[in-house]
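Here are the chains, one letter per residue:
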Amino acid sequence: MKEKSEIIKDLSIQEREEVFVDIARTLEGTAHEAFVEGNRHFAALSANMAEAIRVNADELARDDSENAARVLQQATAMISQFKAVHPYQMISHSVH
């Protein structure tokens with residue numbers, strides 16, 4: 001945990017905000033995949049976390065680096081949990 005807070009501390013506010021927006025985007029992707037696969041509970045949790053991070057990205061970027069690292073750790077744990085159960089990304093084949 002201390003390593004992540006040190007890495008976050010070294011980033012500029014704009015870079016921190018970009019990290020949180022990217023994490024939110026990734027959480028939205030996992031939420032969509034979970035929803036398609038029928039795991040509505042995990043989809044709702046991921047979507048809610050993504051929305052909270054996206055809305056508060058600016059505050060998280062300017063906040064205490066330990067709190068920012070904690071949020072980052074929780075988000076990456078959610079993504080890792082989904083990837084552990086679903087190691088292969090969903091592939092869409094659409095025919096036009």
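This text goes with the structure placed above it.
Just so you know, these numbers come straight off a predicted model, no measurement behind them.

A. Just the nonpolar core, in detail. Phe20, Ile23, Leu27 and Ile53 are the most contacted members of the largest nonpolar core, which totals 19 residues. Of all elements in the fold, only helix 2 (13–36), helix 3 (40–55), helix 4 (57–62) and helix 5 (65–85) reach the threshold of two or more residues within this core. Of the residues forming this core, the biggest block, 7 residues, is contributed by helix 5. With residues up to four places along the chain from it excluded, the contact list for phenylalanine 20 reads Ile53, Ala57, Leu60, Ala61, Ala68, Val71 and Leu72.

B. Just helix 3, in detail. Compared with an ideal rise of 1.5 Å per residue, which puts 16 residues at 22 Å, helix 3 spans 22 Å between its outermost C-alpha atoms and is within 8% of the ideal. Of all the residues in helix 3, the buried ones are Phe42, Ala43, Ser46, Ala50 and Ile53. Relative to the axis of helix 3, the buried residues are bounded by an arc of 105° and lie together on one face. Those residues of helix 3 that are exposed and angled more than 90 degrees off the buried face are Arg40, His41, Asn48 and Val55. In this structure, the buried side of helix 3 is in contact with helix 2, helix 4 and helix 5.

C. Molecular detail of the pattern of salt bridges. This model, assessed by the stated rule, comprises 3 salt bridges. The partner of aspartate 22 in a salt bridge is arginine 25, with the nearest N and O atoms 3.0 Å apart. Here the residue aspartate 22 and the residue arginine 25 both occupy positions in helix 2, the gap between them amounting to 3 residues, near one helical turn. On the basis of relative accessibility, which here comes to 39%, the residue aspartate 22 falls in the partly exposed class. Here arginine 25 falls in the partly exposed class, since its relative accessible area comes to 47%.

D. Local environment of the environment of glutamate 59. Residue position: glutamate 59 is located in helix 4. According to the relative accessible area criterion, glutamate 59 is exposed, its value standing at 54%. C-alpha of glutamate 59 to C-alpha of glutamate 17: the two residues are 42 residues apart in sequence and 8.6 Å apart in space.

E. Structural context of the packing of helix 3 against helix 5. Between helix 3 and helix 5, the least distance of the axes is 11 Å, while the angle of their chain directions is 150°. Classified by the angle their axes make, helix 3 and helix 5 are roughly antiparallel. Here helix 3 and helix 5 pass one another in a crossing that is left-handed. Touching Phe42, Leu45, Ser46, Met49 and Ile53 of helix 3 are Val71, Gln74, Ala75, Met78, Gln81 and Phe82, all from helix 5. Among the residues forming the contact of helix 3 with helix 5, the class breakdown is 8 nonpolar, 3 polar and no charged.

Analysis parameters
- Residues numbered from 1 in each chain as written.
- Predicted model: local features only at pLDDT ≥ 70, side-chain atom pairs only at ≥ 80, totals over all residues.
- Heavy atoms only, no water.
- Core = buried A, V, L, I, M, F, W, Y, C linked by side-chain atoms within 4.5 Å.
- Buried < 20%, exposed > 50% of the residue type's maximum accessible area, 1.4 Å probe, protein only.
- Helix = DSSP H or I, 4+ residues; strand = E, 2+ residues; numbered from the N terminus.
- Contact = heavy atoms within 4.5 Å.
- Expected span 1.5 Å × (residues − 1).
- Arc of directions from axis to C-beta.
- Salt bridge = Lys/Arg side-chain N within 4 Å of Asp/Glu carboxyl O.
- Axes fitted to C-alpha atoms, helices over the stretch in contact; angles between N-to-C directions.
- Parallel < 35°, antiparallel > 145°, perpendicular 65-115°, else oblique.
- Left-handed = near helix turned anticlockwise from the far one by under 90°.
- Nonpolar A, V, L, I, M, F, W, Y, C, P; charged D, E, K, R; others polar.

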